[in-house]
Amino acid sequence: MTSTRPHRSQPIQYASATIDRADRALRCSPFRLKLFATMKHQSVELRAIAGQSGVEQGYTRQSIAELSVENNLLWLIQVGLLRREVDGQGLTDSFRLTPLGHLLAEKWQDQGEIAPASGGDRFMNMAQRWLHLPDWLR
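In this convention, every chain numbers its residues from 1, walking through the sequence in written order. Two thresholds apply to this predicted model, a pLDDT of at least 70 for residue-level local features and 80 or more for giving and counting side-chain atom pairs, whereas whole-chain, interface and lining totals are computed over all residues. Processing note: side-chain calculations cover all non-hydrogen atoms of the structure and skip hydrogens and water entirely.

Caption draft 1: Spotlight on helix H6 (residues 99–111). Counting from the N terminus, the helices are the DSSP runs of H or I reaching at least four residues and the strands are the DSSP runs of E reaching at least two. Here the expected span of a helix is defined as 1.5 Å times the quantity of residues minus one. The first and last C-alpha atoms of H6 sit 19 Å apart over 13 residues, in line with the 18 Å expected at 1.5 Å per residue. Where H6 is concerned, the buried positions are Leu100, Gly101, Leu104, Ala105 and Trp108. The arc that holds every buried residue of H6, seen down its axis, measures 125°, which confines them to one face. Within H6, the exposed residues directed more than 90 degrees away from the buried face are Pro99 and Asp110. For H6, the elements touching its buried residues are helix H1 (16–28), helix H2 (33–39) and strand E3 (90–97). With a 1.4 Å probe rolled over the protein chains alone, any residue whose accessible area is under 20% of its type maximum counts as buried; one over 50% counts as exposed, and the rest are partly exposed. The reported arc concerns the directions from the helix axis to the C-beta atoms and nothing else. The contact criterion used is simple: two residues touch if any of their non-hydrogen atoms lie within 4.5 Å.

Right, here's the structure in full:
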């Protein structure tokens, strides 16, 4: 007889370097914890994050141009924190958390806020983002 119970999936195991890189990218991003907390439950459209709307929603501290928001979100996709929503037509302008993003969002929610990035964190994030450093330098 076969069981019809759903299998409990094992949590994804991430390399510590992957978690460190994603955590650093999150701390260096211009976004506030409320954005990631919202993304735990629903997708968020780019327009809700950009400009004055992002400030009013509590997603950013200051108004950020749409292109800059999109570039920052795309970096968070590259490090594994976010994914772009897909509908029947293809990619949308909405974003939500990946399992790694959920892990880090929960960590920071437990602490109450995202810790500020140090100067060294900002340098390393910039180097990884713009120079595409090889794995052995990360």
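Don't stop here, the text continues.
Caption draft 2: Region of the structure containing helix H7 (residues 119–131). For H7, which comprises 13 residues, the first-to-last C-alpha distance of 17 Å matches the rise-based estimate of 18 Å (1.5 Å per residue) to within 8%. Regarding H7, the residues found buried are Asp121, Asn125, Ala127, Gln128 and Arg129. On its buried face, H7 is in contact with H1 and helix H5 (66–78). Downstream of H7 by a residue or two, His132 has a phi angle that is positive, lying close to 50°.

Caption draft 3: Inspection of the nonpolar core at higher detail. To qualify as a nonpolar core, a set must consist of buried Ala, Val, Leu, Ile, Met, Phe, Trp, Tyr and Cys residues joined through side-chain atoms within 4.5 Å. Formed by 28 residues in total, the largest nonpolar core has its most connected members in Phe36, Met39, Ile49, Leu73, Leu76 and Leu81. Mapped onto this core, the elements with two or more residues apiece are H1, H2, helix H3 (46–49), H5, E3 and H6. Those residues in contact with Leu76 that sit more than four places away from it in its chain are Ala25, Leu26, Ser29, Phe31, Phe36, Leu81 and Leu82.

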